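# Structure assessment
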Amino acid sequence: MSRCRILRSAGDKVKQGIRLDARDAHAILQSRDIHFLGALADYKKQQLNGRLVYFTVNKQINYTNVCSVHCQVCAYAKSRHAPDASTMSVEDIIADLSRDGEELDEVHIVGGLNPDLKFDYYLSMLREIRSHFPSITIKAFTATEINYFAKLYGMDAREVLSRLAGAGLNTMPGGGAELLSDAIRARLFKGKESKDAWLRTHRIAHSLGIKTNATMLYGHIETDDDIIDHLEQLRRLQDETHGFLTFVPLTFHPVHTPLENKVTPPTGIRKLAMIALARLYLDNFPHIKAYWVMLSEGITQIALHFGADDIDGTIGRERVTHAAGASTPAGLTNNRMISMIRDAGYLPAQRNGEYKIIKIYQ
Ligand code: V47
């Protein structure tokens, strides 16, 4: 069957609620019929979320840039003795979250794998945030950090997660998934956990009632097969646990990384196809996030017509992607989030980190 006919038959499947397979996914990634693709992904998105597009008033906290692994995609990590190595104290974190006096819906906490910190640092970080901001959603620590804590502090991932949840953690971000391929992990992410360990950690979190997100970093050395395989593994785990909230495709930014000048950044069409594929393939994920920091504001708005129903948040000051050459602002205002969504023709819904709606802007 020609690619075009496979795409049309994928369209029929979506309308009939039949699950897509790898062949459909290939056709979607290769298609240049973007009007058809957008309409199809938008149909699925509106079936699941109507005209709502979610955003959150949040801050990202990167508590340390010290990291003991050296991923080929990262421009943010420093070794522990580097002159610009830095770690925030818990007081610094509270001061940062309090600075602008705005009421935050969510804090997103992620850091490097720092061998000099004690487990108590993380517990007191969570307890202090919870006591200063009782209603905030604390979305903290990727599976990679959880696995590192387990190894460093001699616990298993279940115990780490239970203790962090006891101290105030609500949900986990989706970072560290990179590409769920051990061959790619061996080439670009040496020292990170295996793909099975990443999936296992999310399975454990879900069994403890901790909802999580999932990401996929694309635009480096991966093939379409790797991307489809990544989505397949996530879809399978979600069938089992129903613990994922949102999927976030992350566009690789190569500046100041070892891969600078060695990869071709994805084009706008590729970014939109990735969002559409995510919406159509991950039929059991409630939300698909267009992460404006990595996509640009313009592509993010268009992505809302390609299946995305979430644009993350105001962020405050983003550091990881900006270290790698992102040209978007470091943060956006609440009003900017609302007008991005409205101008794209959708209804802005302010949410917390667990997708509880705080306010719909009619
Ligand atoms: O895991 C690192 C990626 C991730 C680069 O869960 C890079 O809601 C692009 O996971 N270019 C951390 N990406 C960020 C993340 C995230 C972001 C927003 C929302 C959520 C969520 C999660 O950033 C890392 C890695 O995959 N990353 N370096 C880079 N140069």
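Report on the accompanying structure. Sequence order as written defines residue numbering, which begins from 1 separately in each chain. Per-residue local features of the predicted model are confined to residues with pLDDT of at least 70, and side-chain atom pairs are confined, for both listing and counting, to 80 or more; whole-chain, interface and lining totals are unaffected and use all residues. Water and hydrogen atoms play no part in the side-chain values, which are based on all heavy atoms of the structure.

Below, the discussion takes up the overall build of the protein. Of the regular secondary structure elements, the protein holds 15 helices and eleven strands. The reference for a compact globule is 2.2 Å times residues^0.38; the radius of gyration itself is calculated from the C-alpha atoms. In terms of overall dimensions, the protein is globule-like: its C-alpha atoms have a radius of gyration of 20 Å, near the 21 Å expected for 362 residues. Taking the principal axes of its C-alpha atoms as reference, the protein extends roughly 55 × 45 × 40 Å. Put simply, the protein has 362 residues, and 59% of those count as buried. When the accessible area of the protein is evaluated, it comes to approximately 14,500 Å², of which 51% is carbon and sulfur surface. Computed over 44 positive and 41 negative side-chain charges, the inter-centroid distance for the protein is 3 Å. Helical segments are the DSSP runs of H or I of at least four residues, strand segments are the runs of E of at least two, and each set is numbered from the N terminus. Burial status follows relative accessibility: with a 1.4 Å probe on protein chains alone, a residue under 20% of its type maximum counts as buried, one over 50% as exposed, and anything between as partly exposed. Only the protein chains shown count as cover for residues, and all accessible areas are computed by the Shrake-Rupley method using a 1.4 Å probe. Charge counting follows a simple rule: Lys and Arg are positive, Asp and Glu are negative, and His as well as the terminal groups are ignored. A charge is said to be at NZ when it belongs to Lys, at CZ for Arg, at CG for Asp and at CD for Glu.

It is worth spelling out helix α1 (residues 3-16) at this point. Take the number of residues in a helix, subtract one, and multiply by 1.5 Å to get its expected span. The terminal C-alpha atoms of α1, which comprises 14 residues, lie 20 Å apart, in line with the 20 Å expected from a rise of 1.5 Å per residue. Three or more residues of α1 are buried, namely Ile6, Leu7, Ala10, Gly11, Lys13 and Val14. Buried positions in α1, seen along its axis, are confined to an arc of 160° and lie on one side of it. Away from its buried face by more than 90 degrees, α1 exposes Arg5 and Gln16. Against α2 (22-30), α3 (34-49) and α11 (268-281) lie the buried residues of α1. Working note: the arc is built from the helix axis to C-beta atom directions. Only heavy atoms enter the contact rule, under which two residues are in contact if any of them lie within 4.5 Å.

With that settled, consider the packing of aromatic side chains. Ring pairs shown here join Phe, Tyr and Trp side chains whose ring centres sit within 6.5 Å, with only the six-membered ring taken for Trp; geometry is labelled stacked below 30 degrees between planes, edge-to-face above 60, and tilted in between. Under the definition given, this model contains 15 aromatic pairs. Ring centres 5.5 Å apart and planes at 75° place the aromatic pair Phe141 and Phe149 in the edge-to-face group. This pair shows no difference in class: Phe141 is buried, exactly as Phe149 is. Consider the rings of Phe149 and Tyr153, whose centres lie 6.1 Å apart with planes at 40°: the pair is tilted. With Phe149 and Tyr153 both in helix α6 (residues 143-153) and four residues apart, this pair spans about one turn of that helix. Given a relative accessible area of 1%, Phe149 falls into the buried group. Of the aromatic side chains, those joined through ring pairs into one cluster are Tyr63, Phe119, Tyr121, Tyr122, Phe141, Phe149 and Tyr153. Two thresholds decide whether a charge sits over a ring: the Lys NZ or Arg CZ must be within 6 Å of the ring centre and within 35 degrees of the ring normal. A cation sits over an aromatic face here: Arg351 above Tyr355, 4.2 Å from the ring centre.

A word on the sheet that holds strand β10 (residues 347-351). Being paired, for any two strands, means DSSP has found at least two bridges between them. On the basis of which strands lie adjacent, the open sheet formed by four strands has the order β9-β1-β10-β11 and mixed pairing. A single partner strand is all that each edge strand has here, and the edge strands are β9 (310-313) and β11 (357-360). Sheet twist, expressed as the average angle between the axes of neighbouring strands with direction ignored, equals 25°. Every axis corresponds to a line fitted to the C-alpha atoms, with the helix fit spanning only the stretch in contact, and the corresponding angles, defined between N-to-C directions, vary from 0 to 180 degrees. Contacting β1 (52-56), β9 and β10, helix α15 (residues 334-343) runs over the sheet at an angle of about 165° to β1.

Here we come to the environment of Ala41. Relative to the helices and strands, Ala41 is located in helix α3. Spatially, the C-alpha atom of Ala41 lies 41 Å from that of Asn114, the residues being 73 residues apart in sequence. Not counting residues within four places of it along the chain, the set of residues in contact with Ala41 comprises Ala276, Arg279, Leu280, Phe306 and Gly307.

On to the environment of His305. Relative to the helices and strands, His305 resides in the loop between α13 (297-303) and β9. As for His305 and Ala77, which are separated by 228 residues in sequence, their C-alpha atoms are 35 Å apart. Setting aside its immediate chain neighbours within four residues, His305 contacts Gly38, Asp42, Ala344 and Tyr346. Residues adjacent in sequence count toward polar contacts only when both atoms are side-chain atoms; beyond that, a polar contact is any pair of N or O atoms within 3.5 Å, and within protein one must be able to donate a hydrogen and the other to accept it. A distance of 2.6 Å separates a polar side-chain atom of His305 from the backbone oxygen of Ala344.

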